[in-house]
Amino acid sequence: MDVLLRRWATSYPDVPLAAGMVALCLFEVDSVAYRSPLQGVLLVLPLVSLAWRNRWPAPVAVVVLGTVVLGAAVSPGQYGPQLTLLATVLAVYTVAAQLSGRAAVLIGVVTLALVEAGHVATRDGELTHFLPLLAWGAPWATGRLVRNRTLAAAAVARAAAQLVARQEQETQEALGRERDRIARELHDVVAHAVSLMVVQAGAERLALGSTLPRTSAALEAVEAAGRGALTELRVMLAVLRAPDDCEPRAPLPSLADLPSLAERVQAAGSPVELLVDGALTAVPPGVGLSAYRMVQEALTNVVKHAPGRPVQVRVSAGPAEVDIEVRNPLPTVPGQPGSGRGLVGISERAALHGGVAVAGPREGAWVVQARLPLAALVPTVP
Amino acid sequence: MTLRLVVAEDQALVRAGFVSMLRSDPGLEVVGEAGDGEHALHLLRTLRPDVALLDVRMPLVDGIALTRTLTDELPDIRVLVLTTFGDDATVVDALHAGASGFLLKDTRPEDLLAAVHAVGAGEAPARPGRDGGRAHLATLRRLAARSRPAAGPIDRARARGPRTPCPGVIQR
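Below is a short write-up of the structure. (Residues numbered from 1 in each chain as written. Chains lettered and ligands numbered in written order. Predicted model: local features only at pLDDT ≥ 70, side-chain atom pairs only at ≥ 80, totals over all residues. Heavy atoms only, no water.)

## Here we look at the overall build of chain B
Convention followed: Going along the chain from the N terminus, every DSSP run of H or I of four or more residues is numbered as a helix, and every run of E of two or more is numbered as a strand. Burial classes follow relative accessibility: with a 1.4 Å probe on protein chains only, a residue under 20% of its type's maximum area counts as buried, one over 50% as exposed, and anything between as partly exposed. For this analysis, residues touch if any pair of their heavy atoms sits within 4.5 Å.
Along its length, chain B carries 6 helices and 5 strands. Going residue by residue from the N terminus, the α and β elements of chain B occur as β-α-β-α-β-α-β-α-β-α-α. Looking at the 172 residues of chain B, the share that counts as buried comes to 53%. Restricting the contact set of chain B to residue pairs at least 6 apart, pairs at least 24 apart contribute 67%.

Right, here's the structure in full:
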């Protein structure tokens, strides 16, 4: 905690301050009667030492106050020039602002004693003891106050940073879970395709019997490779599965299931207009599944943030891509935009298939648009 | 005497593959095929086969729910459940629902036929080949370790119900 304070404070020696005070001193030197070079040194030394007040606050304070006492002892009856008072105030302030705990108490007592000693040594009867106490007390109190404020501000900043870090972590975890879910489903699609290959190869091999032994051997090889692949896929799925998950009992959805999805959403209270065109059956199962999931996620968002409002869903399967658009008019009173996490799946799946997805307000409506290319940019497992 | 079979599987090409394998055996006769659980139930009620091969994952009614219905309504039909994966929960649910056996879809055709015969004859549960077999046995051992009445031959005793309810067809 002190590190923050220390690092900031000790980054630069306070050279400009010290140099400025020495320069001022040279101007003032005529206004004070000095009897000896010793007095000159006793005057300049504390000012110069102030250059290191942040780095070594305690030694500097002792030097400054010590020279004040010595000066008073050397020439009693005179308080030094105002610069000396200023140096004293600065030294005491710096100690109060920088030190903590036992060191602060010790140096506080030492500096108070020195200030008192300086006052006594001056033996100026007119002024009461009030002055030295003020000369020490005011900078000390100010120093402690500044210190507490700085530490409190640092604590608040740290807490804020921790909160931001935790939120970031939670977002990452949610993203990770969504990615796992997407990966699970796509592995599922692959596993079903491989199963199909193994069954077809096995059925044909059985049908051939002992005729065409080379073809049988080839089919046997296909089956064996397929079984190997399925074993690996099962391991992958076990890894990707959430602890409380089990194999879903329903077939994975495809674009052909969009009408029943629309019906369910409609039954939940939001009127849905579904427009589908193009060769849906030509869409590969992985892309079809992702497209369905994106529409599902967009619809879930609408039901959550704008319940009861009509939604228009357009899905169009072209020769090279599948286009998706989910649009609903924005409520007249703008509501909360939401955490943004609701559309994670959409952007993740779009990225996965090498496509794009955007969501945002347009012409008074909230529009979610996505395009999934049909030619995979990343080769999928055959 | 030939065993009469009904095959329920939603992927048409997979179903065709199974039917082809089964038809290559003179001791087996496929009397009906279905692509979803409701159609399958209709066929089973009408045709009353000896053995039903049911895919776990089917639209409308899934294979495990269908098995439960059969255990109640048509207990003479023996059920062989088929799946792409063989996770514990699914196997346990299938056996609890009253299935006589559980097979992975990529089982060797020879093993599939042997399993159908075994189940049809009311024998001990089918032994799917390789990984499916190991998974099946491992699950049975785990069940036995939990002192459930499933260590011996699985018969269609009505059990307490599945360990962890898995989402059915309706909830996606």
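## A look at the nonpolar core
Residues and elements named next belong to chain A. For the record, the criterion: Remark: nonpolar core denotes a set of buried residues (Ala, Val, Leu, Ile, Met, Phe, Trp, Tyr, Cys) joined through side-chain atoms within 4.5 Å.
With 28 residues, the main nonpolar core has V295, L299, V313, V322, I324 and V326 as its most contacted residues. Elements supplying a minimum of two residues to this core: α9 (258–267), α10 (285–305), β2 (311–317), β3 (321–329), α11 (344–352) and β5 (365–373). Broken down by element, this core gets its largest block of residues, 8 residues, from α10.

## Things to note about the packing of aromatic side chains
Going by this rule: In this scheme Phe, Tyr and Trp rings, the latter by its six-membered ring, pair at centre separations within 6.5 Å, and the angle between planes marks the pair as stacked below 30 degrees, edge-to-face above 60, and tilted otherwise. Working rule: Lys NZ or Arg CZ, within 6 Å of ring centre, within 35 degrees of ring normal, means a charge sits over the ring.
Here the structure, examined in full by the defined rule, presents 1 aromatic pair over all chains. Centroid distance W136 of chain A to W140 of chain A: 5.1 Å. Interplanar angle 15°. Geometry classified as stacked. Here the residue W136 of chain A and the residue W140 of chain A both occupy positions in helix α7 (residues 130–208), the gap between them amounting to 4 residues, near one helical turn. Across the pair, W140 of chain A and W136 of chain A agree in class, each one buried. Here the guanidinium or amino end of R55 of chain A rests over the ring plane of W56 of chain A, the centre of that ring lying 6.0 Å away. Of note, R241 of chain A hangs over the ring of F85 of chain B, and the distance from its end group to the ring centre comes to 6.0 Å.

## Regarding the pattern of salt bridges
To be explicit about the condition: Every case where a carboxyl oxygen of Asp or Glu lies within 4 Å of a side-chain nitrogen of Lys or Arg is listed as a salt bridge.
Evaluated as defined, the whole model comprises 21 salt bridges over all chains. For the salt bridge of R57 of chain B with D188 of chain A, the shortest nitrogen-to-oxygen distance reads 2.5 Å. With R57 of chain B in the loop between β3 (51–55) and α3 (63–73) and D188 of chain A in helix α7, the pair connects residues from two separate chains. Classification of D188 of chain A as buried rests on a relative accessible area of 4%. One continuous salt-bridge network, built from bridges that share partners, spans R205, E220, E223 and R227 of chain A together with R108 and E110 of chain B.

## Digging into the sheet that holds strand β4 (residues 78–83) of chain B
Residues and elements named next belong to chain B. How we decide: Paired strands, in this sense, are two strands between which DSSP finds at least two bridges. To define axes, lines are fitted to C-alpha atoms, for helices over the stretch in contact only, and angles between the resulting N-to-C directions are given on a 0 to 180 degree scale.
Strand order in the open sheet made by the 5 strands is β2-β1-β3-β4-β5, with parallel pairing throughout. Looking at the sheet topology across the chains shown, the edges are occupied by β2 (28–34) and β5 (101–104). In this sheet, neighbouring strand axes are inclined to one another by 25° on average, regardless of whether the strands run parallel or antiparallel. Contacts from helix α5 (residues 109–120) reach β1 (3–8), β2, β3, β4 and β5, with the element oriented near 150° to β4.

## Focus: the packing of α3 of chain B against helix α4 (residues 88–97) of chain B
All names here are of chain B. Worth spelling out the cut-off: An angle below 35 degrees is treated as roughly parallel, one above 145 as roughly antiparallel, one from 65 to 115 as roughly perpendicular, and anything else as oblique. Helix crossings get a hand from a simple test, with the near helix turned counterclockwise from the far one by less than a right angle marking a left-handed crossing and a clockwise turn marking a right-handed one. Under the scheme applied, nonpolar residues are Ala, Val, Leu, Ile, Met, Phe, Trp, Tyr, Cys and Pro; charged residues are Asp, Glu, Lys and Arg; polar residues are all the others, including Gly.
Packing of α3 against α4 brings their axes to within 8 Å, and their N-to-C directions diverge by 15°. Accordingly, the angle class assigned to the pair α3 and α4 is roughly parallel. α4 is crossed by α3, and the crossing has left-handed handedness. Between α3 and α4, the contacting residues are I64, T67, R68 and T71 on the first element and T90, D93, A94 and A97 on the second. Grouping the constituent residues of the contact of α3 with α4 by class yields 3 nonpolar, 3 polar and 2 charged.

## A closer look at a nonpolar patch on the surface
Put simply, the rule reads: Exposure above 30% relative accessible area and the lack of any salt bridge qualify a residue for a patch; like charges then connect within 9 Å, and the nonpolar side chains Val, Leu, Ile, Met, Phe, Trp and Tyr within 5 Å. In this description, accessible areas are obtained by the Shrake-Rupley approach with a 1.4 Å probe, and a residue is regarded as covered only by the protein chains that are shown.
Residues V41, L45 and V63 of chain A make up a contiguous nonpolar surface patch of about 220 Å² in total accessible area. Of note, V63 of chain A is situated in helix α4 (residues 57–74).

## Remarks on the pairing of β5 of chain A
All names here are of chain A. Of the pairings in the sheet, the one linking β3 to β5 comprises 9 bridges and is antiparallel in character. Of the residues in β5, the one forming a bridge with R327 is V367. Bridge count for strand β4 (residues 356–362) against β5 is 7 bridges, and the pairing is antiparallel. By the bridge assignment, V356 is partnered in β5 with R371. Hairpin geometry of β4 and β5 is characterised by an intervening segment of 2 residues between the two adjacent antiparallel strands and by a positive phi of about 50° at E363.

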